[in-house]
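# Commentary on secondary and tertiary structure
Each chain, letter by letter, is given below.
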Amino acid sequence: MSSPLPPTTPKPDNTKLTIDGVEVEFTPGTTLIQAAKKIGKYIPHFCYHEGLSIVGQCRMCFVEVEGAPKLATACSTPAAPGMKVHTQSEKVKSGQNATLEFTLLNHPLDCPICDRGGECKLQDYTYEFGPPLSRMIEEKYERDKHRPVSEQVYLDQERCILCTRCVRFSSEVDGRNELVVNQRGHSNVIDVFEGRPMQSNFSGNVVDLCPVGALTAKDFRFAARPWELKKHEGLCTGCSHGCNIEIHTKHRHPGIVRPDKLPPTPTIQRLMPKENLQVNDWWMCDKGRWGYHFHNQAEERITEIQIRRSPGSSLEPVSLREFQTLLTSSPQAQQADWEFWISDDQPHEGISWAKELMESWKSRGRKVRGLNPNGFSDKFLSTWKNKSAAPLWAGVADLSQPKVIVSSFDYRELEKIAPLVSLKLGQRLRKGQIAWEKRSSEALHNSKDNLEETLYLVSPPRDESSLRSFETLPANSKFLILWERSNARGLVSEGITPIESLLNSIKGQSPKGPVFLFSQTTQNGMPRELEEYLKKAPFVIVADSMNSNLVNHRADAVLPLVPLYETRATLTNLLGLRQVSEGVHLNHPNVASVRRGGEAVASALRLL
């Protein structure tokens, strides 16, 4: 009979620590501020940001670690097994109090006129952790105030607390090094390098990052107070990347009549990025951020069904019955072979409506050539079918995987087409994680390429030559088409060629019959080639949310849609990710009537 085994001492769990008495599991490399976040414990901080390097210089995130002689900064202290951390001890409170007193020594008392008022970390922390009175009796330093450092960003050096978030963004994320710390010691100031104005296409992000009012946006200055704004989740429509955003709106009270007597539509005051590590991290580009103003032009909204009774006359509002009569009695509208055109900004909901209407009309004897009908369209869709098994063509692209990027652009040129693709790949390039090879669009593929590690960035094929070049890529290659419009990739996924691939082939051409355009206005406007093509149609119906040159001077009938930022819309971004924009939630009668009218028009059109 064997003797019993000696008792064993249980081994300590090497992945746990306690924060304010609560046990926390962590993985190696986790910092104390990240471990605290896992249990919902907020540690105040200025300089720390998940998307930037850790510098530990603001000293606001002090915590007490049992056994350590001094307070530790939670942002830079790695979690260790068995640690006992306190975030609310008297020693911590005293350290935070002293940090804030030092930070406030030269800070101006201009909170009432500061655009950051109401969403300022310094305000909040001073109220919660700061000293009740200031002991500062000396004159405060005077520095530059309200100085433009770019076309859209203003700098107030007196308000700056030198957290250097903006400097690190400019260096690490954008890579332009346009913002720097000048001078030494107590004379330190944030400024633009050598006095040169910022040229960054992502400059608005430094305004978001600034925890105080040192960097403010010209676009939002003195426009509204944060507590006046309502926040709505949405998707940016500035390009095809589909950055996740918050839409901040200011609403006029329904009982207050506008000076122009128009309905009390909401006003978008700003767009701000919303964190999504799969899509846009914490950032967005300036084009999308400041490209929303078209939406605020209430006088340009289409809110009623309108028809043009004769060429050269003005559009006039009519009832649904009058619209039906026009469509069934007009000789031009009765011509064979309708063409249905869907804009690259139309969401999936609009595509479904167009498809359903097309099938309904066909079942009743009307002839419809198809959706975005064109000879080149057929060739493109055939190529798509052959290539659709490729990893980054049919699936969701992961920009963190490739080690070699092959493109006809360098990454700075790419900013004009796909800004966030350029930003994300640019960071990896500067870290040495990828290599970038610029080749002509006709010779992207090289037989020596390692297809497992290579990503080809391809411009949308727009003619037979570019389509042939595209077809030369190996079947198992990873490639990404750089669509420019917000739902161009979505059209492809539904078996429709995006209009941006058809612009060359419709030049100088005319529609073969009447046209129904399913459009959706964004900051990009309508392509000139498409507008010229549609002007030649014998009869044109436009469904859109805003007026355009085509609507005002050529459309025979106009149907109202709710603007894209004001409706729930599903869009597929160029990475292949299908996303939903919740849009601005409205209750005022104007939008409700457009929605009801749209449903009635959709039902009536199916029966024609």
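Quick notes on the rules
- Residues numbered from 1 in each chain as written.
- Predicted model: local features only at pLDDT ≥ 70, side-chain atom pairs only at ≥ 80, totals over all residues.
- Heavy atoms only, no water.
- Helix = DSSP H or I, 4+ residues; strand = E, 2+ residues; numbered from the N terminus.
- Buried < 20%, exposed > 50% of the residue type's maximum accessible area, 1.4 Å probe, protein only.
- Contact = heavy atoms within 4.5 Å.
- Areas by Shrake-Rupley, 256 points an atom, 1.4 Å probe, with all protein chains shown as cover.
- Phe/Tyr/Trp six-rings, centres within 6.5 Å; stacked < 30°, edge-to-face > 60°.
- Lys NZ or Arg CZ within 6 Å of the ring centre and 35° of its normal.
- Axes fitted to C-alpha atoms, helices over the stretch in contact; angles between N-to-C directions.
- Parallel < 35°, antiparallel > 145°, perpendicular 65-115°, else oblique.
- Nonpolar A, V, L, I, M, F, W, Y, C, P; charged D, E, K, R; others polar.
- Core = buried A, V, L, I, M, F, W, Y, C linked by side-chain atoms within 4.5 Å.
- Pairing = 2+ DSSP bridges.
- Right-handed = clockwise from strand over helix to strand, strands pointing away.
- Polar contact = N/O pair within 3.5 Å; in protein donor to acceptor, adjacent residues only side chain to side chain.
- Expected span 1.5 Å × (residues − 1).

## A short note on the overall build of the chain
Counting its regular elements, the chain contains 16 helices and 26 strands. Taking the principal axes of the C-alpha coordinates as reference, the chain spans close to 90 × 80 × 65 Å. Across the 608 residues in the chain, those meeting the buried criterion constitute 54%. Restricting the contact set of the chain to residue pairs at least 6 apart, pairs at least 24 apart contribute 68%. As displayed, the chain offers around 28300 Å² of accessible surface, 51% of which is attributable to carbon and sulfur atoms.

## Regarding the environment of I19
Inspection of the secondary structure assignment puts I19 in strand β1 (residues 16–19). The exposure class assigned to I19 is buried, which follows from its relative accessible area of 2%. Separated by 20 residues in sequence, I19 and I39 have C-alpha atoms that sit 8.9 Å apart.

## Quick notes on the packing of aromatic side chains
Under the criterion given, the structure shown has 17 aromatic pairs. With a centroid separation of 6.2 Å and an interplanar angle of 55°, the aromatic rings of Y411 and W436 are classed as tilted. Here W436 lies in strand β19 (residues 435–438) and Y411 lies in the loop between β18 (404–407) and α11 (419–430), a separation of 25 residues in the sequence. With respect to burial, Y411 and W436 carry one shared label: buried. Measuring from centroid to centroid gives 5.1 Å for F470 and F479, while their planes differ by 90°, and the two rings are edge-to-face. For F470, a relative accessible area of 3% gives the class buried. Residue classification places F479 among the buried positions, given a relative accessible area of 0%. Aromatic rings pair up to connect W338, F340, W353, W361, F516, F518 and F539 into one cluster. The ring of F220 carries R270 above its face, with NZ or CZ at 4.3 Å from the centroid.

## A few points about helix α14 (residues 528–535)
Regarding α14, the residues found buried are E529, L530, E531, Y533 and L534. Those residues of α14 hidden inside the fold are in contact with β16 (338–342), β22 (515–518), β23 (540–544) and α15 (549–553).

## Considering the packing of helix α4 (residues 165–173) against α11
A pair of packed helices can be characterised by two numbers: the angle between their axes and the separation between those axes. Close contact between α4 and α11 brings their axes to 9 Å; oriented N to C, the two are set at 80°. Accordingly, the angle class assigned to the pair α4 and α11 is roughly perpendicular. Two secondary-structure elements touch here, α4 through S171, E172 and V173 and α11 through L423, Q427 and R430. Residues belonging to the contact of α4 with α11 are distributed by class as follows: two nonpolar, two polar and two charged.

## Notes on the environment of Q297
The topology assignment puts Q297 in the loop between α6 (286–289) and β14 (306–307). A residue is classified by how much of its surface remains accessible, and Q297, at 37% relative accessible area, is partly exposed. Considered as a pair, Q297 and Q269 are 28 residues apart in the sequence and their alpha carbons are 13 Å apart.

## Focus: the nonpolar core
Formed by 49 residues in total, the largest nonpolar core has its most connected members in F46, F169, V206, L271, W283 and Y565. Ranked by residues supplied to this core, first place goes to α4 with four residues. With sequence-adjacent residues up to four places away left out, Y565 is seen in contact with L235, C236, T237, I245, I247, I268, L271, F294, H295, Q523, G583 and V584. W384, V406, I481 and I506 belong to the second largest nonpolar core, which has 36 residues in total.

## Topic: the pairing of strand β21 (residues 478–481)
Burial along β21 is two-sided: the residues K478 and L480 and F479 and I481 are all buried. In terms of strand pairing, strand β20 (residues 454–458) meets β21 through four bridges, oriented parallel. Following the sheet pairing, Y456 is matched in β21 by F479. Note on the crossover from β20 through helix α12 (residues 464–471) to β21: the handedness is right-handed.

## Here we look at the environment of L491
Summarising the element assignment, L491 is placed in helix α13 (residues 488–493). Looking at L491, the relative accessible area reads 0%, which means it is buried. Spatially, the C-alpha atoms of L491 and T572 are 8.4 Å apart, while their sequence positions differ by 81 residues. Beyond its immediate chain neighbours, meaning those up to four positions away, L491 contacts I342, S343, D344, Q346, I351, N372, I496, T497 and P498.

## Re the sheet that holds β22
Strand order in the open sheet made by the seven strands is β15-β14-β24-β23-β22-β16-β17, with mixed pairing throughout. If you trace the sheet from one side to the other, it starts and ends with β15 (316–317) and β17 (368–371), each paired once. Relative to β22, β16 runs parallel, the two sharing four bridges. Considered in β22, the bridge of I342 is made with F518.

## Describing the side chain of N244
For N244, the position within the fold is in strand β12 (residues 244–250). Taking relative accessible area as the criterion, N244 reaches 13% and is therefore assigned buried. A polar side-chain atom of N244 sits 3.1 Å from a polar atom in the side chain of N276. Not counting residues up to four positions away in its chain, the partners in contact with N244 are G234, L235, M272, P273, K274, N276, V279, N280 and Q579.

## So, the sheet that holds β18
An order of β19-β18-β20-β21 is seen for the four strands of this open sheet, with the pairing classed as parallel. What marks the edges here is a single partner per strand, and that holds for β19 and β21. For this sheet, the mean inter-axis angle between neighbouring strands, taken without regard to orientation, is 20°.

## Quick look at α11
With twelve residues, α11 ought to run about 16 Å at 1.5 Å a step, and its terminal C-alpha atoms sit 16 Å apart, in line with that. In terms of burial, α11 is a largely internal element, ten of the twelve residues being buried. On its buried face, α11 sits against α4, β18, β19 and β20. Residue G432 follows α11 closely and has a positive phi angle near 80°.

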